[in-house]
Amino acid sequence: MSDTSASEQPTQPEGPGLESSDRPAGAPARKIFIKTYGCQMNVYDSARMADVMAPNGYAEVETPEEADFILLNTCHIREKAAEKVYSELGRLRRLKEERAAKGERLMIGVAGCVAQAEGEEMRRRAPAVDLVVGPQTYHRLPEYVARLDNGSPGIVETEFPVEAKFESLPMAEKRKTLARGATAFLTVQEGCDKFCAFCVVPYTRGGEYSRPVTRLLGEAEALAQAGVREVTLLGQNVNAYHGEDDAGRDTTLGGLIRRLAEIPGLERIRYTTSHPRDMDDELIAAHAEVDKLMPYLHLPVQAGSDRILKAMNRKHTAESYLRLIERIRAARPDIAMSGDFIVGFPGETEEDFQATLDLVSEVKYAQAYSFKYSPRPGTPAATEEDQLAEEVKSERLQRLQALLNEQQLAFNRACAGRVMPVLFDRRGRGDAQLVGRSPYLQSVHVDEAPEELFGRLAEVVIDEGHANSLRGRIVEKAVQTA
Ligand code: SAH
Ligand code: SF4
Ligand code: F3S
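Note that the coordinates shown come from a computational prediction; the quantities given were computed from them, not determined experimentally.

### Some remarks on unusual backbone geometry
Part 1: That bond from Thr272 to Thr273 is cis: its omega, 0 degrees, falls within 30 degrees of zero.
Part 2: When you line up the elements, Thr273 lands in the loop between strand S13 (268–272) and helix H10 (281–289).
Part 3: A positive phi is found at Phe195, a non-glycine position, where the angle reads about 50 degrees.
Part 4: Relative to the elements of secondary structure, Phe195 occurs in the loop between strand S8 (189–190) and helix H7 (201–205).
Part 5: Assessed through its relative accessible area of 37%, Phe195 is described here as partly exposed.

Take a look at the structure:
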């Protein structure tokens, strides 16, 4: 594992463009290319952006060269995030100039967390950008594009009307871009009120907001009908979810999961990312009682030293985190634990770092993400004086990752010999290879897998556990037809 997480790899929204029947009669066919960076919520948001643009005559394409409108959906969590966006914009400016020389128009938009953080500054530094839109106003994209079409010189929108956004996104049945395979994301909660001292999210995504239960059930039912078997509930603090149900009652994530579990066809439920402080009894009980809830939990702790946790404003201790995991494991003994770690937070001593290693040794993670602390402008920790040297951070990260990798390998190897249900959602390298996910979110490779299992669940006997994946064979008799 490196200091990057899978979730920060640039992810392309999958699949082909939208159907032409979405276009109002007479509207010209235009093409939008959306490039996605950052977390799964950005992946979800990009799909929704494609959804709102489709009825306005925009079909999604797979390369910037084909597009009339290029939209970068950005992430601000890592170092130099903004700089990377500016250099990408430099390349796009040249593309825009080439097009202009041919008499063609290319629109460039920046969405997501860097757009939110940079605002007006973005158009000053990169005048080729026509549109800057924060994560909470993208439902108004068609209106912005219409204004640009009518000669507006450029638009910057970074308000926070999160409620308005979800209400005005197309209804579930219109969400073609969300249901292109056996797995889908579903944003249930957005924003964060916790203000960890290192983190930009409360500034870029705004305060916590939970979507109403009825809307979510409707969206999940539409996904299930479109063939989705596994839904991952998303939120920056997903377990802080407290949406209203149709009777106006407050519903926790545990309650929402129970309602979702009743939807026919939906076989698996996951959720990410959780905060240790919001892991309540109802959610823990759901892990014991709801079969469709997968035995995997991403529960970031960040550090093992209480002094550092306090400086991070995490509002939990190493001990309270460990006791919490004990309770979760009592409810679901085989649960695979995952987490996030930051090494080299300002003022972290070797002793503090050792406490992180001790905590990891005690928890035994199935998988984890770990990062060097990187100062984010505007966050309290960025202006702390006792910043650590880069070499110290790198050296500690290496030691932590060596331990986490060892634990991941041990977890994967211990799966050998077991039979587990795998949901096949990707095609592998070889002709007949299918790749799927185990209940514990491991990638499982199966050679010679029957094609009809694509998009379905099947029982697999695990032969080998490797550093990052498992390998197995289909258990012939147990092939499910769902
Ligand atoms: N809401 C989630 C985390 C969202 S950010 C939570 O509270 O757990 C994803 C991860 O990025 C964080 O868990 C943290 O480990 C890492 N991260 C955030 N800001 C960072 C920074 N300034 N430097 C290094 N890592 C950071
Ligand atoms: Fe960031 Fe902390 Fe909020 Fe997570 S809980 S999004 S790390 S401020
Ligand atoms: Fe990045 Fe914003 Fe997600 S900063 S991690 S895209 S919430």
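### Quick notes on the pairing of strand S3 (residues 69–74)
Within a regular strand, the side chains alternate between the two sheet faces.
Part 1: Within S3, six of the six residues are buried, which leaves it mostly tucked inside the rest of the structure.
Part 2: Residue alternation in S3 divides its side chains into two sets, Phe69, Leu71 and Asn73 and Ile70, Leu72 and Thr74, and both sets are buried.
Part 3: Pairing analysis gives five bridges linking strand S1 (residues 30–36) to S3, with the strands arranged parallel. Bridge pairing in S3 links Ile34 to Leu71.
Part 4: Bridge count for S3 against strand S4 (residues 107–111) is five bridges, and the pairing is parallel.

### Let's talk about the packing of aromatic side chains
Part 1: Tallying each qualifying case throughout the model produces six aromatic pairs.
Part 2: For the ring pair Phe411 and Tyr440, a centre distance of 5.7 Å and an interplane angle of 85 degrees mean the geometry is edge-to-face. Separated by 29 residues along the polypeptide, Phe411 in helix H14 (residues 390–413) and Tyr440 in the loop between strand S18 (434–437) and strand S19 (443–446) bring together distant segments of the chain.
Part 3: Counting every residue linked through ring pairs, the aromatic cluster contains Phe198, Phe345 and Tyr373.
Part 4: Over the face of the ring belonging to Phe371 we find Arg78, whose NZ or CZ atom lies 3.8 Å from the ring centre.
Part 5: When the ring centre of Phe454 is taken as reference, the NZ or CZ atom of Arg427 above it lies at 3.8 Å.

### Topic: the domain arrangement of the chain
Often the size quoted for an interface is simply the accessible area lost on bringing the parts together.
Part 1: According to the domain assignment, the chain contains domain 1 (2–161), domain 2 (179–294), domain 3 (323–414) and domain 4 (419–480).
Part 2: Centre-to-centre, using C-alpha coordinates, domain 2 lies 26 Å away from domain 4.
Part 3: On the domain 4 side, the residues contacting the eight residues of domain 2 number 10 residues.
Part 4: Taken together, both faces of the contact between domain 2 and domain 4 bury some 670 Å²; the carbon and sulfur share is 61%.
Part 5: Counting the surface domain 2 buries against domain 4, the share from its top three residues, Ala182, Arg268 and Arg270, is 61%.
Part 6: One can count zero salt bridges joining domain 2 with domain 4.
Part 7: Where domain 2 packs against domain 4, one counts four residue pairs in polar contact (both at pLDDT 80 or more).
Part 8: Of the residues belonging to the side of domain 2 that touches domain 4, the class tally is two nonpolar, one polar and five charged.

Here is what the cut-offs are and how they apply
Residues numbered from 1 in each chain as written. Chains lettered and ligands numbered in written order. Predicted model: local features only at pLDDT ≥ 70, side-chain atom pairs only at ≥ 80, totals over all residues. Heavy atoms only, no water. Helix = DSSP H or I, 4+ residues; strand = E, 2+ residues; numbered from the N terminus. Buried < 20%, exposed > 50% of the residue type's maximum accessible area, 1.4 Å probe, protein only. Pairing = 2+ DSSP bridges. Phe/Tyr/Trp six-rings, centres within 6.5 Å; stacked < 30°, edge-to-face > 60°. Lys NZ or Arg CZ within 6 Å of the ring centre and 35° of its normal. Domains from an automatic or database assignment. Contact = heavy atoms within 4.5 Å. Buried area = accessible area lost by both parts, 1.4 Å probe. Salt bridge = Lys/Arg side-chain N within 4 Å of Asp/Glu carboxyl O. Polar contact = N/O pair within 3.5 Å; in protein donor to acceptor, adjacent residues only side chain to side chain. Nonpolar A, V, L, I, M, F, W, Y, C, P; charged D, E, K, R; others polar.

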